[in-house]
Amino acid sequence: MPTTPHRSDPTNPTASGVGHRMRAAVYERYGGPEVVRLADVPVPALGPGDLLVRAYASDVSVADHRLRARDLPRGMGALAGPVVGFRHPRRQVLGMEVAGVVAATGPRVTGFRPGDRVVAATGSGFGGHAELVRVPASGVVAHVPDALRLDQAVALVFGGLTAHKFLRRADVRPGVEVLVNGASGAVGTMVVQLAAASGARVTAVCSAPNADLVRSLGATDVVDHLTQDVTALGRRVDVVVDCVGTLPVARARRVLRRGGTLLLVVADLAGTVGTPFARLRGVRAVTGDLPTSAADLDELLRLAAEGAVRPVVDRTYAFEDVVEAHRYVDTGRKRGTVVLRIRAEEQS
Ligand SMILES: NC(=O)c1ccc[n+]([C@@H]2O[C@H](COP(=O)([O-])OP(=O)(O)OC[C@H]3O[C@@H](n4cnc5c(N)ncnc54)[C@H](OP(=O)(O)O)[C@@H]3O)[C@@H](O)[C@H]2O)c1
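Residues numbered from 1 in each chain as written. Predicted model: local features only at pLDDT ≥ 70, side-chain atom pairs only at ≥ 80, totals over all residues. Heavy atoms only, no water.

Asks: Now, about the site of the ligand: what can you tell me, with residues and values included?
Replies: Residues in contact with the ligand amount to 25 residues; listed here are only the nearest, Ser184, Ser207, His225, Arg333 and Lys334. Within the side chain of Lys334, a nitrogen or oxygen atom sits 2.7 Å from an oxygen atom of the ligand. Those elements that place two or more of their residues in the shell around the ligand are helix 1 (62-69), helix 3 (150-167) and helix 4 (186-197). Taken together, the residues that form the shell around the ligand break down as ten nonpolar, eleven polar and four charged. A domain split of the shell around the ligand shows at least three residues from each of domain 1 (13-156 + 311-341) and domain 2 (170-287). (Near = heavy atom within 4 Å. Polar contact = N/O pair within 3.5 Å; in protein donor to acceptor, adjacent residues only side chain to side chain. Helix = DSSP H or I, 4+ residues; strand = E, 2+ residues; numbered from the N terminus. Nonpolar A, V, L, I, M, F, W, Y, C, P; charged D, E, K, R; others polar. Domains from an automatic or database assignment.)

Structural data, given as structure tokens:
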């Protein structure tokens with residue numbers, strides 16, 4: 001049920017009361033990009049501790065692809081069912097990230113006011129592909145520094161938070177060697193930058209056309225997975241970050257030093273269940289849905305505002321072209337992030 005928000009946006013008189021209906025990209029059945037359509041839906045109910053964010057930008061991520069197409073790593077479908085839905089999607093609006101301006105706040109919200117520029121990760125609640133997005137103020141939400149546009153901020157979130165939460169589970173410091181599989185994607189481009197910023201020597205695995213990109217992000221060595229066997233590097237590394245799913249323990253150990261760390265950003269059920277036993281094979285493996293926080297997001301935004309990391313945006317699609325955005329993400333070959341522009345104008 002829609003509710004009238006508690007405090008409305010004083011900077012926009014037409015938004016008084018925010019309204020009860022909005023446009024959102026919805027999908028009611030699993031399938032190809034064409035199952036997504038723009039629809040007129042109720043504005044989300046605003047709880048006492050929530051923000052209502054007027055969205056300017058979101059992104060279409062691999063998570064959106066996975067849910068829409070029900071393309072989950074082998075064995076994970078049954079586990080994910082209760083959250084994502086079995087026969088039909090439980091959450092009909094995709095989008096795990098949003099950047100925009102606070103339009104209204106619940107009565108218990110402190111630290112955010114209408115008019116604030118914010119970026120948020122909505123997590124398994126999704127809902128980001130909409131004109132108004134409900135975000136718990138206690139969730140993963142942060143103010144966007146003046147140095148960043150909202151579309152830049154949103155492009156940091158999916159890959160940046162994932163890279164950040166996995167990398168902190170390894171001892172990445174000057175002199176450490178890190179191999180990043182899938183280095184040109186949303187997660188990989190952020191792993192490369194954060195590892196390089198920590199002083200690590202980074203070997204990036206991607207296809208040849210993306211070699212210049214990953215070098216520009218701080219990789220010192222590049223391996224083309226289409227022509228080279230990644231596990232036959234001729235040397236061993238301290239940390240492997242697998243953002244593709246092609247370096248499970250059995251393969252990764254061929255390129256890892258004994259006692260090295262394997263960060264499985266993507267793993268199937270067998271890989272996930274087997275993670276604790278990797279130690280028997282001399283590998284410290286980490287996988288799963290690791291926690292992240294508003295403080296992590298703040299740090300990422302600070303690093304970006306200082307120029308220590310940069311969002312990598314492949315393409316930007318207008319909201320009306322959301323189906324095309326899904327189609328492009330489905331290729332599995334995007335470079336960094338695909339941004340969805342929900343509103344044309346940028347908020348100062
Ligand atoms: N555990 C978590 O919390 C978490 C969070 C976020 C994402 N994920 C998972 O992380 C994975 C990566 O997400 P993403 O957003 O980075 O994906 P993405 O942006 O679609 O990454 C695609 C990249 O993967 C590369 N690639 C494809 N096949 C490859 C291969 N065989 N070897 C090496 N690289 C290959 C491609 O590079 P080239 O075109 O250069 O080959 C492409 O740039 C997804 O499976 C996602 O579900 C997990």
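Asks: So, the side chain of Asp296: which residues are in play, and what are the values?
Replies: Position of Asp296 among the secondary structure elements: in helix 8 (residues 294-305). With relative accessibility at 7%, the residue Asp296 sits in the buried group. In this view, Asp296 contacts Leu161, His164 and Arg168; residues no more than four positions away in its chain are not counted. (Buried < 20%, exposed > 50% of the residue type's maximum accessible area, 1.4 Å probe, protein only. Contact = heavy atoms within 4.5 Å.)

Asks: Give a description of the environment of His129 that names residues and reports values.
Replies: Note that His129 resides in the loop between strand 5 (117-121) and strand 6 (132-136). Take His129: its relative accessible area is 1%, and that puts it in the buried class. Taking the C-alpha atoms as reference points, His129 and Ser58, separated by 71 residues in sequence, lie 6.5 Å from one another.

Asks: Go over the environment of Ala208 with me, naming the residues and quoting the values.
Replies: With respect to the helices and strands, Ala208 occurs in the loop between strand 9 (201-206) and helix 5 (211-216). Looking at Ala208, the relative accessible area reads 47%, which means it is partly exposed. When the C-alpha positions of Ala208 and Thr227 are compared, they lie 9.0 Å apart, and in sequence the two are 19 residues distant.

Asks: Describe the domain arrangement of the protein chain, naming the residues involved and giving the relevant values.
Replies: Per the domain assignment, the segments of the protein chain are domain 1 (13-156 + 311-341) and domain 2 (170-287). On a C-alpha basis, the centroid separation for the pair domain 1 and domain 2 is 29 Å. The interface of domain 1 with domain 2 comprises 13 residues on the first partner and 18 residues on the second. For the pairing of domain 1 and domain 2, the buried interface totals around 1100 Å² over both sides, and the portion due to carbon and sulfur atoms is 59%. Looking only at domain 1, the three residues that lose the most surface to domain 2 are Val312, Arg333 and Arg335, adding up to 41% of its buried area. Across the contact surface, domain 1 and domain 2 share three residue pairs in polar contact (both at pLDDT 80 or more). (Buried area = accessible area lost by both parts, 1.4 Å probe.)

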